[in-house]
Amino acid sequence: MLATLDQFHRVPRVLRLDMSGQPIRWITWQSAVSLYTRDLVRWTLGESVLRIRGGYSRLDGSRTVVDVNSIVACDGRIFQRDRGQIPPLTNQALFVRDNNTCMYCGQQHSVFNLTRDHIVPKSMGGTDDWTNVVAACKRCNHHKGNRLVEDCGWELIALPYTPNLAEYLALINSGRILGDQMSFLQTQFGNARRKRDAIKEQRARLPN
Ligand SMILES: [Zn+2]
């Protein structure tokens, strides 16, 4: 639904794509307006979400109006990203990947009580990458220490995976993604993420 700036508590971010439809990054509405006014938006998806009124033309007195779509594909400066590129590993994105859930005890925690745990400890040569790290609560992380999961008699409740770019963009903007943006990103989610989402939905349907 088209709205003006003052109608938003938090103005949503716009999803920027390259010409091939590859999601590139989240941009602010100001950057989106700048792309529109420089005539760099080539095609759009999703709804027009925001109407920005600009200055008045000196020639005919008409006022510039820019309707910003939730998803815009642009040319201009090319942000060439390799489709196989690995998104940066941050705690924020990691915790969202793991649904703020400790992958050992299965409890959901606030981010303040979560840590990045290395499944194979660094002291044993474990690497700091997406497939060797999980969200773990402080208690479990402390208990596990420098041991392997099996040495604790534990099992991971879900397998870690490396998010692709679409998954990563969904992770870092979670909680403020518009429905059509999420639907678009979901078309590019990989199998690991889909499987987890399916399990999450199944669990949600189970009576407590
Ligand atoms: Zn735990």
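Residues numbered from 1 in each chain as written. Predicted model: local features only at pLDDT ≥ 70, side-chain atom pairs only at ≥ 80, totals over all residues.

### Section: the sheet that holds strand S2 (residues 23-27)
In space, the four strands of this open sheet follow the order S2-S1-S4-S3, with mixed pairing throughout. The two strands at the open ends of the sheet, each matched to only one other strand, are S2 and strand S3 (41-56). Between one strand axis and the next, the sheet turns by 40° as a mean value, whatever way the strands run. Relative to strand S4 (residues 63-74), strand S1 (residues 14-17) is paired through three bridges, and the arrangement is parallel. By the bridge assignment, Arg-16 is partnered in S4 with Val-72. In this fold helix H1 (residues 29-37) packs onto S1, S2, S3 and S4, with an angle of close to 105° to the strand it touches most, S4. (Pairing = 2+ DSSP bridges. Helix = DSSP H or I, 4+ residues; strand = E, 2+ residues; numbered from the N terminus. Axes fitted to C-alpha atoms, helices over the stretch in contact; angles between N-to-C directions. Contact = placed C-beta atoms within 7 Å.)

### Concerning the domain arrangement of the protein
The assigned domain composition of the protein is domain 1 (5-74) and domain 2 (91-205). Between domain 1 and domain 2, the C-alpha centre-to-centre distance is 33 Å. Listed per partner, the contact involves 12 residues of domain 1 and 11 residues of domain 2. Elements represented by at least two residues in the side of domain 1 that touches domain 2 include exactly S2, S3 and S4. Looking at the side of domain 1 that touches domain 2, its residues break down into seven nonpolar, two polar and three charged. (Domains from an automatic or database assignment. Nonpolar A, V, L, I, M, F, W, Y, C, P; charged D, E, K, R; others polar.)

### Side note on helix H5 (residues 179-186)
For H5, every residue scored as buried is listed here: Gln-181, Phe-184 and Leu-185. Within H5, the buried residues cover an arc of 95° as seen down the axis, which keeps them to one side. Buried residues along H5 sit in contact with S1, S2, S3, S4 and helix H4 (165-172). (Buried ≥ 20, exposed ≤ 12 C-beta atoms within 10 Å, placed from the backbone. Arc of directions from axis to C-beta.)

### Observations regarding the environment of Met-19
Structurally, Met-19 is set in the loop between S1 and S2. Sequence-wise, Met-19 and Pro-207 are 188 residues apart; in three dimensions their C-alpha atoms are separated by 45 Å.

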